[in-house]
Structures are given as C-alpha cells and as structure tokens.
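# Remarks on the overall topology
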Amino acid sequence: MVQDLGYLKETASQTAGPYVHIGLTPNFGGISGVFESDLGSAMVNDETLGPRIAVTGRVIDGAGAPLKDALIEIWQADAAGLYNSPSETRGAADPNFTGWGRSPTSAEDGTFVFETIKPGRVPFKNGRLMAPHISFWIVARGINIGLHTRMYFPDEAAANAEDPLLQRIEHRHRAETLVAGGQSPNYVFDIHLQGEKETVFLDI
Amino acid sequence: MSETENRKRETGAFFQRDRDWHPPAFAPGYKTSVLRSPRKALLSLDNTISEITGPVFGHSMLGELDNDLIHNFAKPGESAIGERIIVHGRVLDERGRPVAGALLEFWQANAGGRYRHKKESYLAPLDPNFGGCGRAITDENGYYGFRTIRPGAYPWPNGVNDWRPAHIHFSVFGHGFAQRLITQMYFEGDPMIWKCPIVGTIPDRRAIEQLIAPLDWANTIPMDARAYKFDIVLRGRRSTFFENRPEGN
Ligand SMILES: [Fe+2]
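Residues numbered from 1 in each chain as written. Chains lettered and ligands numbered in written order. Predicted model: local features only at pLDDT ≥ 70, side-chain atom pairs only at ≥ 80, totals over all residues. Heavy atoms only, no water.

## Digging into the sheet that holds strand β4 (residues 133-137) of chain B
All names here are of chain B. Worth spelling out the cut-off: At least two bridges found by DSSP between two strands are what make those strands a pair. Numbering of helices and strands starts at the N terminus; helices are DSSP runs of H or I of at least 4 residues and strands are runs of E of at least 2.
Within the open sheet, the five strands sit side by side as β4-β3-β8-β9-β10. Their pairing is mixed. In this open sheet, the two edge strands, each paired with only one partner strand, are β4 and β10 (212-213). One ladder, built from five bridges, connects strand β3 (residues 103-107) with strand β8 (residues 167-173); its direction is antiparallel. Its bridge partner being in β8, Phe106 is matched across the sheet by Phe170.

Written out as structure tokens, the structure is:
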C-alpha cells in the first residue's frame, strides 16, 4: 500500500438541455423580473479602452443547420493583453472591461453576437506571445460536455503564424477553422460541430 | 473589488480533465448528440493564462430572492406550488479545497414537470408563481444554498417513452475559464435515474452516484422544508511551487 493521494473526482458534466436559456439568460428566454439583466450581456462601457469589434456567428450541426438553442460564453484579455482576473499577476486590467461575455443563439437564425474590443496579445508559458484570441465555450442540448475552442483574427497573419496553439494543429487546413471571417470591426466566427469544416475543439 | 483582493492569487494550471469520467460527446442513446458531437480528436494542451484566469462575480450583484425560487417569480404574498425543499452544499476542487466566490446558476421544471419556455409543449400546467431560475455565490468556505420546490419528472422526445427523472440543472463558474461546468442534480431514491438516456451518457456508475443528492435529514427545517445536500467538485489546480520559478533562478 501507498499513501492515498486524496483527490476528489470532478463532478461529471451533463448536457445543458433545451432550456438552458431559462437558467443563464432568463430575460432573453422570456422570464423577466427575476434578475435585472442577463449576466454577460454587456462587456464594454463608454470608457473601455481599445478598438471596438463585433463578433457574430452560428453553431452548425452535422446536418448543416444552425443551433437555435445554444449558449456561448467568451473570455478574453483587454486591449493591453491583461485579463480582468485575480489570477492575472502581470498588472491591472482595464476596469471598464469585464473580458467575459455570454450570448444565446437566436431562435430565428441561430446567430450569437458579442460587442467587445479586440484583445491584446498574452504570453504562452515560455514567454512567447500568443496571437490575439478569444476563448469560446459552447453548450446546448445534445452537447454532453461544454466545448472549448478559440477564435483568432484574420488580420493577424504574422502573429497567427507563430502562435503556439495554432502551430500544434497537425493538419494545417484545420487551423483555419479557428480563424474568423469578416473584417475589422465586424468578425464572423461560425463553429462547425462536425463535417469537413469541423472546428478544432480543445481538451485544455 | 475587495473580493478580488481577498482571494489568494492562484496561477496553477488545472488538472487535466478525466474524459473517461465525463460523458463522451457522441452518445447515440441520447439521439440529439448524434449530430451535435465533434467527431475529430480534441487538441490536448496544457492550460495557458487564457484558461487559468476567469472573471469574479461579487456577492453584491445578487438580489435578495435570487436563491429563493419559491418566491422570486411569485406574486406578492403568494408562493410556488410544490414540495418545499432546500438544496445546499459546497463547491470544492479536486484537491478538496473550498472554491469561494463560485457562481452557481440553476434552473428547473415546476412541480408538475413543466418548464416556463416557449418551446415547451408538455401538457402539464404552468405554475403562475414559478419562474424556474435562481443563482447563488459560494461563501469563503465554498458553501451555497437555495430554496425551491421539488421539480417533477417529465417526458421528452427521444425514445417513444423516455422520461427525465426529477432534476435541477446547475451551471458552475469557478475561478478559471477552464473550470466551467454544467451538470444536473438528481434526488436520492428516484428509480427513474437509472432509466434515463441522458444520465446513461455517463459511463461510470460512480460518476452518476456523485450527481445524486441525499436527503439531509439533519438540515431539514421542521414544519417547513426538507433539505438535500449537493456538493460539486471542480477541476483542481496544480501547485505552482515549481512552475513559477524560471530555470536558473
Ligand atoms: Fe431539464
């Protein structure tokens, strides 16, 4: 026998189900009067530093149809490349930028929308800079465990070429699934759950 | 942001997820997962600062009734119909340490098994005094609690006769974006747990048992509400004793 490590097991994930909007964006879901506003619906205010951008997109299933009952969260650095988080040790982030956003996909056409700013670059573990990116997390009915991925910017070709995560993708054409379309300030990031264009999802 | 400052700066990467413990993306017994599951291998990577960090949710954002689903949608002086219960517990990480300041959001069907949602078509009636959502933030010891009514079971289109056991959906936000988790809580003694295709997506019986809240008789409030205890475990962080010192220092 040896000593017991004493670790607990992480609580198992379960699907967010068809009614995730009741819990996470109740005002959007038609339940008003419980919470004043939906959390994560505003990332910026008038004082936020950095270039304003909009990120829209859809989550597309294996039959080519957009999910109309999904929920997306994003997390990103501020314009100077600092996270608004207690775990950020390199300096104080812009207090007028939350860095975190939440958007339902619409019941009409399945689009999500984030009004945010373009993030600065943040370092990889070895100090090398990563290309500007936004972390995504996707949940919905039929998704058993939340999907992590990242969005990179189409106008950052040089930075993308040296990004340590993008470089880890073995098949080069699959790295393109993480680069948004559109152009500044309106980017489009479609997430494909399956098929030829399946987005690279992260076990991170 | 004193809550930010009070929290010790944690910079360790999170333990890798045990993907054999969680349900796989593709679980054909749950039919909707067939077209919504990634089929290519995930790209595995140690956390970077983008995953280690996460936002802070302050207790000041909470309203008085946020953790009282019996009253937070009810007309003044009225309350939701159903068996009154308290759900409480702790949020811990895999190292057994309390996760303070974790944001918990929960949603559920009413006592008849009906959700307040425009796409919901079950014939059970809406309760005019029940909305079905609430939230709480854990205290410095990782504790949370809320008041609600026990949700009803409900049928859903999957197999011809599939029913969900009574359950409460939980969304949990710990300290890092990589800890993000959505799960469901089930109730001790419910035989329907073992018939449910969504529960059945979880491959390990022990992982299912970890989602079943026991009746907590000791915390039951006489003449008012029974208590159920539901502890939640988030990914643990690696110790940073070694990682924070660049080579040669
Ligand atoms: Fe449900």
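Picking up after the structure, the text goes on.
## What to know about the pattern of salt bridges
As a working rule, side chains carrying opposite charge can pair if their charged atoms are close by. For the record, the criterion: Salt bridges are counted wherever a side-chain nitrogen of Lys or Arg sits within 4 Å of a carboxyl oxygen of Asp or Glu. Buried, partly exposed and exposed residues are distinguished by accessible area as a fraction of the type maximum, computed with a 1.4 Å probe on protein chains only: under 20%, between the cut-offs, and over 50%, respectively.
For the structure shown, the criterion picks out 25 salt bridges over all chains. A salt bridge links Arg237 of chain B to Glu10 of chain B; its shortest N-O distance comes to 3.8 Å. Highlighted residues: Arg237 of chain B in the segment after β12 (232-234) and Glu10 of chain B in the loop between α1 (2-6) and α2 (33-36), separated in sequence by 227 residues. Accessibility expressed as a relative area gives 4% for Arg237 of chain B, which makes it buried. Here Asp224 of chain B and Arg147 of chain B are joined by a salt bridge, their closest N and O atoms 3.3 Å apart. A residue pair is termed long-range when its members are at least 10 positions apart, and Asp224 of chain B in the loop between β10 and β11 (226-229) and Arg147 of chain B in strand β5 (residues 143-149) qualify at 77 residues. On the basis of relative accessibility, which here comes to 26%, the residue Asp224 of chain B falls in the partly exposed class. Each of Glu73 and Arg102 of chain A together with Glu105 and Arg180 of chain B takes part in a single network of salt bridges with overlapping partners.

## Concerning unusual backbone geometry
At the junction of Ser184 of chain A and Pro185 of chain A, the peptide bond is cis and its omega measures out at 0° in the coordinates. By secondary structure assignment, the location of Pro185 of chain A is in the loop between β7 (181-183) and β8 (186-188). Of note, the phi angle at Met223 of chain B is positive, near 65°, even though the residue is not glycine. Within the secondary structure, Met223 of chain B sits in the loop between β10 and β11.

## Here's the deal with the packing of aromatic side chains
Each aromatic ring pair is summarised here by two numbers: the centre-to-centre distance and the angle between the ring planes. Note the following rule: Aromatic pairs are defined between Phe, Tyr and Trp rings, using the six-membered ring for Trp, whenever the two ring centres lie within 6.5 Å; interplanar angles under 30 degrees are classed as stacked, those over 60 as edge-to-face, and all others as tilted. Lysine NZ or arginine CZ positioned within 6 Å of the ring centre and within 35 degrees of the ring normal marks a charge as sitting over the ring.
Counted under the stated rule, the structure contains 22 aromatic pairs over all chains. A ring pair is formed by Phe136 of chain A and Phe189 of chain A, whose centres lie 5.0 Å apart and whose planes are at 65°; its orientation type is edge-to-face. Separated by 53 residues along the polypeptide, Phe136 of chain A in strand β5 (residues 133-139) and Phe189 of chain A in the loop between β8 and β9 (191-192) bring together distant segments of the chain. Chaining the aromatic ring pairs together yields one cluster made of Phe106, Tyr144, Phe146, Phe170 and Phe230 of chain B. The ring centre of Phe153 of chain A lies 5.1 Å from the NZ or CZ of Lys118 of chain A, which sits over that ring. Looking at Arg150 of chain B, its charged tip hangs above the ring of Phe187 of chain B, at a distance of 4.6 Å from the centre.

## Overview of the interface of chain B and chain A
Selection rule: When checking whether two residues touch, look at their non-hydrogen atoms; a contact exists if any pair is within 4.5 Å. As used here, buried area is the combined drop in accessible area, with a 1.4 Å probe, of two parts when they are placed together. Only Asp, Glu, Lys and Arg are considered charged in this grouping, and only Ala, Val, Leu, Ile, Met, Phe, Trp, Tyr, Cys and Pro are considered nonpolar; every other residue, Gly among them, is considered polar.
With 91 residues of chain B at the interface, the matching set in chain A holds 77 residues. The largest contributions to the chain B side of the interface with chain A come from Arg36, Leu43 and Phe177 of chain B, which together make up 12% of the buried area. At the boundary of chain B and chain A, one finds eight salt bridges. Its salt-bridge partner being Lys125 of chain A, residue Asp46 of chain B comes within 3.0 Å of it at the nearest N-O pair. The element best represented in the side of chain B that touches chain A is strand β9 (residues 181-187) of chain B, accounting for five residues. A breakdown of the residues in the side of chain B that touches chain A according to their chemical character gives 41 nonpolar, 25 polar and 25 charged. As judged from the two bridges shared by strand β10 (residues 202-203) of chain A and strand β1 (residues 43-44) of chain B, these two strands associate in the parallel manner. In the strand pairing of β1 of chain B, Leu202 of chain A is matched with Leu43 of chain B.

## A closer look at the nonpolar core
Short version of the rule: As used in this record, nonpolar core signifies buried Ala, Val, Leu, Ile, Met, Phe, Trp, Tyr and Cys residues forming a set joined through side-chain atoms within 4.5 Å.
Residues Ile22 and Trp100 of chain A together with Phe57, Trp107, Tyr115 and Ile182 of chain B are the most contacted members of the largest nonpolar core, which totals 31 residues. Among the elements that line this core, the one with the most residues is helix α1 (residues 20-24) of chain A, at three residues. In contact with Trp100 of chain A, not counting residues within four places along its chain, are Leu39, Gly40, Met43, Glu73, Ile74 and Trp75 of chain A together with Pro55, Phe57, Phe173 and Phe177 of chain B. Judged by nonpolar contacts, the second largest core, of 27 residues, contains Leu69, Ile149, Leu181 and Ile232 of chain B.

## Comments concerning the coordination of the iron ion
All names here are of chain B. Formally: Note that water is not among the atoms used; donors are N, O and S atoms within 2.8 Å of the metal (3.2 Å for Na, K and Ca), so sites may look incomplete. Irregular is the default label, applied whenever a site is not tetrahedral (four donors, all angles between 85 and 135 degrees) and neither square planar nor octahedral (four or six donors, opposite donors over 155 degrees apart, all other angles between 65 and 115).
Distances from the iron ion to its protein donors, Tyr115 (OH), Tyr154 (OH), His167 (NE2) and His169 (NE2), fall within 2.0 to 2.2 Å. Around the iron ion sit four donor atoms, and with donor-metal-donor angles ranging over 91 to 162° the site reads as irregular. When the donor residues of the iron ion are listed from N- to C-terminus, their spacing reads Y-x38-Y-x12-H-x1-H. Separated by 52 residues along the polypeptide, Tyr115 in the loop between β3 and β4 and His167 in strand β8 bring together distant segments of the chain. Comparing Tyr115 with His167, the two get one shared label, buried.

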